[in-house]
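# Geometric and topological summary
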Amino acid sequence: DVKVTQSSRYLVKRTGEKVFLECVQDMDHENMFWYRQDPGLGLRLIYFSYDVKMKEKGDIPEGYSVSREKKERFSLILESASTNQTSMYLCASSSGQGSQPQHFGDGTRLSIL
Amino acid sequence: AQTVTQSQPEMSVQEAETVTLSCTYDTSESDYYLFWYKQPPSRQMILVIRQEAYKQQNATENRFSVNFQKAAKSFSLKISDSQLGDAAMYFCAYRSARRADKLIFGTGTRLQVFP
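Residues numbered from 1 in each chain as written. Chains lettered and ligands numbered in written order. Predicted model: local features only at pLDDT ≥ 70, side-chain atom pairs only at ≥ 80, totals over all residues. Heavy atoms only, no water.

### Notes on the environment of lysine 70 of chain B
Residue and element names in this part refer to chain B. Looking at the element boundaries, lysine 70 is found in the loop between strand 8 (64-69) and strand 9 (74-79). The residues touching lysine 70, leaving out its near neighbours within four places in the chain, are Tyr25, Ser30, Tyr32 and Ala53. A polar side-chain atom of lysine 70 sits 2.8 Å from the main-chain carbonyl oxygen of serine 30. (Helix = DSSP H or I, 4+ residues; strand = E, 2+ residues; numbered from the N terminus. Contact = heavy atoms within 4.5 Å. Polar contact = N/O pair within 3.5 Å; in protein donor to acceptor, adjacent residues only side chain to side chain.)

### Some words on the layout of surface pockets
Volume-wise, the largest pocket comes out at about 410 Å³. Taken together, 20 residues line the largest pocket, and the ones lying closest to its centre are Gln37 and Arg109 of chain A together with Gln39, Met89 and Arg110 of chain B. Those elements that place two or more of their residues in the lining of the largest pocket are strand 4 (31-38) and strand 9 (87-94) of chain A together with strand 10 (88-96) and strand 12 (109-114) of chain B. Considered class by class, the residues forming the lining of the largest pocket number 9 nonpolar, 7 polar and 4 charged. (1 Å grid on protein atoms, 1.4 Å probe; cavity = no way out; pocket = protein on both sides within 12 Å on 5 of 7 lines; lining within 4 Å. Points joined across faces, edges and corners; volume = space filled by probe spheres on them. Nonpolar A, V, L, I, M, F, W, Y, C, P; charged D, E, K, R; others polar.)

### Topic: the pairing of strand 9 of chain B
All names here are of chain B. With 5 of its 6 residues buried, strand 9 lies for the most part within the structure. Of the pairings in the sheet, the one linking strand 3 (residues 19-21) to strand 9 comprises 3 bridges and is antiparallel in character. Along strand 9, the bridge assignment pairs leucine 21 with leucine 77. Both strand 8 and strand 9 contribute to a ladder of 6 bridges, which runs antiparallel. Its bridge partner being in strand 9, glutamine 69 is matched across the sheet by serine 74. Connecting the antiparallel pair strand 8 and strand 9 is a turn made up of 4 residues, with lysine 73 showing a positive phi of about 55°. (Buried < 20%, exposed > 50% of the residue type's maximum accessible area, 1.4 Å probe, protein only. Pairing = 2+ DSSP bridges.)

### Notes on the state of the cysteines
Note on terminology: a disulfide is the covalent bond linking the sulfur atoms of two cysteines. Across all of its chains, the model carries 2 disulfides over all chains by this definition. The disulfide partner of cysteine 23 of chain A is cysteine 91 of chain A, and the S-S distance across this bridge is 1.9 Å. Its S-S torsion of about -80° marks the bond between cysteine 23 of chain A and cysteine 91 of chain A as left-handed, since a negative value means left-handed. Pair noted here: cysteine 23 of chain A is in strand 3 (residues 19-25) and cysteine 91 of chain A is in strand 9, with a separation of 68 residues, a long-range link. Sulfur-sulfur distance for the disulfide between cysteine 23 of chain B and cysteine 92 of chain B comes to 2.0 Å. Its S-S torsion of about -70° marks the bond between cysteine 23 of chain B and cysteine 92 of chain B as left-handed, since a negative value means left-handed. One end of the pair, cysteine 23 of chain B, is in the loop between strand 3 and strand 4 (24-26); the other, cysteine 92 of chain B, is in strand 10, and 69 residues separate them in sequence. (Disulfide = S-S within 2.5 Å.)

### What about the nonpolar core?
Counting residues in hydrophobic clusters, the biggest one holds 26 residues, and the most contacted among them are Tyr25, Trp36, Phe75, Leu77 and Tyr90 of chain B. Secondary-structure elements contributing two or more residues to this core are strand 3, strand 5 (32-39), strand 6 (46-52), strand 8, strand 9, strand 10 and strand 12 of chain B. Tallying contributions element by element places strand 10 of chain B first for this core, with 4 residues. In contact with phenylalanine 75 of chain B, other than residues within four places in its own chain, are Cys23, Tyr25, Leu34, Phe35, Trp36, Gln51, Val66, Asn67, Phe68 and Cys92 of chain B. Counting 20 residues, the second largest nonpolar core, distinct from the first, contains Ile46, Val66, Leu76 and Leu110 of chain A. (Core = buried A, V, L, I, M, F, W, Y, C linked by side-chain atoms within 4.5 Å.)

### A closer look at the interface of chain B and chain A
Contact with chain B, which involves 21 residues of that partner, is made by 29 residues of chain A. Interface area, chain B with chain A, both sides summed: about 2,000 Å², of which 47% is carbon and sulfur. Three residues, Arg43, Asp101 and Phe105 of chain B, lead the burial of chain B against chain A; their summed loss comes to 30% of the area buried on that side. Our count for the chain B to chain A interface comes out at 0 salt bridges. Our count for the chain B to chain A interface comes out at 6 residue pairs in polar contact (both at pLDDT 80 or more). Of all the secondary structure elements, the ones that give two or more residues to the side of chain B that touches chain A are strand 5, strand 6, strand 10 and strand 11 (103-105) of chain B. In terms of residue class, the side of chain B that touches chain A is built from 9 nonpolar, 5 polar and 7 charged. (Buried area = accessible area lost by both parts, 1.4 Å probe. Salt bridge = Lys/Arg side-chain N within 4 Å of Asp/Glu carboxyl O.)

### A word on unusual backbone geometry
We note that lysine 53 of chain A has phi near 65°; this positive angle belongs to a residue other than glycine. Note on placement: lysine 53 of chain A falls in the loop between strand 5 (42-51) and strand 6 (54-57). Look at lysine 53 of chain A and you get exposed, because its relative accessible area is 57%. If you check the backbone angles, lysine 73 of chain B has positive phi at about 55° while not being a glycine. The residue lysine 73 of chain B is located in the loop between strand 8 and strand 9 in this model.

In structure tokens form, the structure reads like this:
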């Protein structure tokens with residue numbers, strides 16, 4: 001089974017802090033994704049990566065950056081956290097082949113005070 | 001741009017009964033994939049079922065089946081013999097066959113199951 005592991009289930013940070021959310025997958029997947037989930041809005045794509053050191057902006061990249069130095073690890077960075085970034089963050093990975101689905105981590109509930 | 005619409009924010013069903021969750025999508029493409037994901041209170045998104053647009057036959061996975069109407073751009077999920085463990089948020093999602101990256105989600109339907 002594919003395992004996608006997010007480093008924290010709950011995180012509380014202060015406004016202006018630099019925040020790192022880490023994600024690791026164990027299936028050698030090419031593609032990795034960061035989503036933000038808010039009630040009534042579904043999941044919105046922040047950034048994705050299709051290879052090491054490659055990244056593309058999703059639908060809501062403002063205020064975020066990402067890093068993929070190794071194939072199995074994809075980090076989401078909030079450069080200067082703001083209260084409107086309080087949300088649930090989901091990481092996913094996929095092979096991208098055919099109808100193969102994305103596999104998700106457990107999510108990180110991030111609160112910015 | 002492609003969009004996915006789930007018009008039922010909440011649904012409820014009695015144990016052992018059948019429930020259908022609706023999903024419609026908008027696309028100009030002919031080759032794509034559709035997915036239903038389940039997110040229980042424990043939070044991990046789990047794939048329930050998938051459908052390739054080029055297949056006319058509706059996908060089934062045990063108690064879960066879909067009604068895929070390509071011309072109507074409709075992709076509903078039917079849950080038969082509902083169980084308490086089926087209570088969750090259900091998300092419909094679309095992915096173009098041309099792009100392995102972008103998965104477009106609906107806003108979700110919260111399903112409650114009553115004993």
